Amino acid sequence: MPMPLDQDFFNTVYIRSPVATLVVNKLHKIISANQAAADLFEANDLVGSVIDTYISPEHSNYFHSTLDNALITGKSMFGEFLLYTSKKLTLSAWGELGAFPVSGEEPVAVLHFVHIHKGGTFRQRLDRQRSYVFTESGSDQKRWLFEAAEHQRARQEAEELAHQQLVLNALLKLSLQDQSIDQMLSHFLEILLSFPWIGLKTKGCIFLCQNKQVVLKAYQGIEQRILERCGRIELGSCLCGRVAKDGVSLYASSKDPRHIKGDPFLPYHTHYCIPLKTKSGEVLGVVTLFSENSGQYNPNTLVLLENSASILAAALVRKKTENQLRDRTEILSSIYKAADSIGLVIVSLGEQDATIISFSPGAEKIFGYKENEILGKSVAALYPKSALHNFSEQVTHLMEGESIALNDIELCRKDGSKVSSVVSVHPFGWGENRSSKAVGVFTEITELKQAQARLEQANDVLEQRVLERSMELKTAQQQVLHAEKLAAIGQLSASIAHEFNNPLQGVMTVLKGVAKRARLEAEDEQLVQFALQECNRMTGLIKGLQDFNRPTSGRYAMVDIHQMLESLFLLYTNELRKKNIQLLTEYASQMPLLHIVHDQLQQVVMNLMNNATDACENGGTITVRTRYVDGYVELDVEDTGVGIASENVSRLFDPFFTTKSAAKGTGLGLAVCYGIVKNHKGLIMVDSETDKGTCFTVRLPLSGVKYNER
């Protein structure tokens, strides 16, 4: 008698049966398998795959027809089949294929396989447990069989979810680790490829988008020729480039026509291309993973890979943000430490006050405080009391998000000294409708102001010098015009002297003839002699005019200085008489001849005489004396005029300096005298006292200049 059947007993028979048992649908897809089947085919992932995968091509048609007949007729079919294990090992087995409908749904087939090499025939190997399943044709037994299959499938799905959660947890843990992007990509591949039940080969790569390309960044198990082909792929080109552009996952084989960069020499394979897509939809790259079961697409695997790619994309965004933040922090830190000339002060804003929480090295240099001395104190310590009248109001403005700029304000150093600065304060740390912090930028301008003051002073001096030079140029221009007038007068005088000299000589000849041959009365003879004297005096005047206008010869000669002086004095007789000036001479009793340039020394004496007569405006005395002392001849021209102020004595020989009016003096006379005397290796000296008079002394060597110096 058959043993009574119940659901628990059936589940036990199905699960623990040594007979390989599988349940497949009309598409030949395995929807349930017991442990014996997993052992026979050496695969733990039978569910979801197609039974055709495990049938030898030699028996493929025979198996298909047998299975289809069982599904159509609902009867059991028997036969011997060549099977493939997951490792492509071939084995021979007896099989029984039976089909039946379940709860009005499409029929399913139950397959039993017994490996013949294990001993005995198929019917000898079907034990009592199997007989209970197939000898009883009641609907309860069939329903229990299907429910057992559904129970196993649910259990496997739960295991898959647990496995997926395990993978995702590992990836989440990876995303939180402190490592570089390249390290993170490599570890991501290692984690995904380390779980065999996902159904992937230990083979995959990751691309990142850069400049309209996807660039290979990490890989594992990839052949070198593939790396060379796929190192850089244009966006939209090939499978990976298409996924990066469209942001949609693909499952394709190596024979897919879109696989432009595929290697025809590689064995047939399939792979998943998953975009690394952020929540905003931006595609950062592509993950490509090779499938273990070529041609077997698993939607659960795709979901897992897309979830994993989302975790990696989020980690990449976080890592890039961290890197950018770190770079900015380093830049700000470098600026903060390196800006010696700029003080950065960060304050915490409170009610009507601001407390210093950071004090840069530049601020230490400007204010003289060390950071540990000033932290926790009010920033008001840096301001003078005169600038604190609206301090609390400024703090309120900062808390409201307004910036403050102060130009050229005096601040206080630690030692109490003042420092001029430009201050710019900007609030930050916005929250609860107020700013909690502010950063102040202090730029010291003390040296700049000092430099500006020096520049303004130099500018004033320059303007004054320009004004002085302009006046000097104007004076020089007037003096040049005056000199040109003098030159014209000299030429006119020379012309007049020449014209007067000829008739004067005729008159003198006539007078001499009359005095020699005519018999005159004594009175008439005196008159003729007086006329001849006056003619001689006129001849001397004319000669003086000619000598005055004649250009200097530059030739040295032996000169009698007393004779030269007497010739010059004739030119001043009339002027001295008009100004009521008495001319006195005190000559040395014995005076040797001087080796000089006659007309140049004559010009020196004339300039000194001109100055002396101008100084004696209200009359006076001019004394000319000569001396011979120790090989030097000294000539004094002394007057009893108004004298020269002591502050002007040192400038008498400067060109264009004069104490006379523009109509009387050019400021060149004494400068010319100084130059002539110096060229003769002599000295010219002055001694003057206001309201008492002036004495100029010319001291010349007896031999004059040496011949080789002419």
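Refer to the preceding data block for the structure.
Residues numbered from 1 in each chain as written. Predicted model: local features only at pLDDT ≥ 70, side-chain atom pairs only at ≥ 80, totals over all residues. Heavy atoms only, no water.

Caption draft 1: Layout of the overall build of the protein chain. Summing up its helical and strand segments, the protein chain has 20 helices and 23 strands in all. Considering only intrachain contacts with a sequence separation of at least 6, the fraction spanning at least 24 residues in the protein chain is 57%. Here the protein chain has roughly 40100 Å² of accessible surface; of this, 53% comes from carbon and sulfur atoms. (Helix = DSSP H or I, 4+ residues; strand = E, 2+ residues; numbered from the N terminus. Contact = heavy atoms within 4.5 Å. Areas by Shrake-Rupley, 256 points an atom, 1.4 Å probe, with all protein chains shown as cover.)

Caption draft 2: Region of the structure containing the pairing of strand β21 (residues 632–639). For β21, a buried count of six out of eight residues is recorded, marking the element as mostly surrounded by other parts of the structure. Two elements, strand β20 (residues 620–629) and β21, share eight bridges in a ladder whose sense is antiparallel. Counted as the bridge partner of I622 is D639 from β21. The antiparallel hairpin formed by β20 and β21 contains two residues in its connecting segment, where D630 sits at a positive phi of about 50°. In terms of strand pairing, β21 meets strand β23 (residues 693–701) through eight bridges, oriented antiparallel. Bridged to V637 within β23 is F696. (Buried < 20%, exposed > 50% of the residue type's maximum accessible area, 1.4 Å probe, protein only. Pairing = 2+ DSSP bridges.)

Caption draft 3: Inspection of the sheet that holds strand β12 (residues 342–350) at higher detail. In spatial order, the strands read β13-β12-β16-β15-β14; together these five strands make up an open sheet with antiparallel pairing. The sheet is open, and its two edges are formed by β13 (353–359) and β14 (404–412), each paired on a single side. Taken over all neighbouring pairs, the strand axes of this sheet differ in orientation by 35° on average, direction set aside. Both β12 and β13 contribute to a ladder of six bridges, which runs antiparallel. Within β13, the residue paired with V345 across the bridge is F359. The strands that helix α13 (residues 391–399) touches are β12, β13, β14, β15 (418–431) and β16 (434–444); relative to β12, the one it contacts most, it runs at about 85°. (Axes fitted to C-alpha atoms, helices over the stretch in contact; angles between N-to-C directions.)

Caption draft 4: Focus on the packing of helix α16 (residues 561–569) against helix α18 (residues 598–615). One way to put it is that α16 packs onto α18 with a least axis distance of 11 Å and a crossing angle of 50°. In terms of their interaxial angle, α16 and α18 are classed as oblique. With respect to the hand of their crossing, α16 and α18 are arranged in right-handed fashion. Facing α16, whose interface residues are M564, L565, L568 and F569, α18 presents H598, L601, Q602, V605, M606 and M609. (Parallel < 35°, antiparallel > 145°, perpendicular 65-115°, else oblique. Left-handed = near helix turned anticlockwise from the far one by under 90°.)

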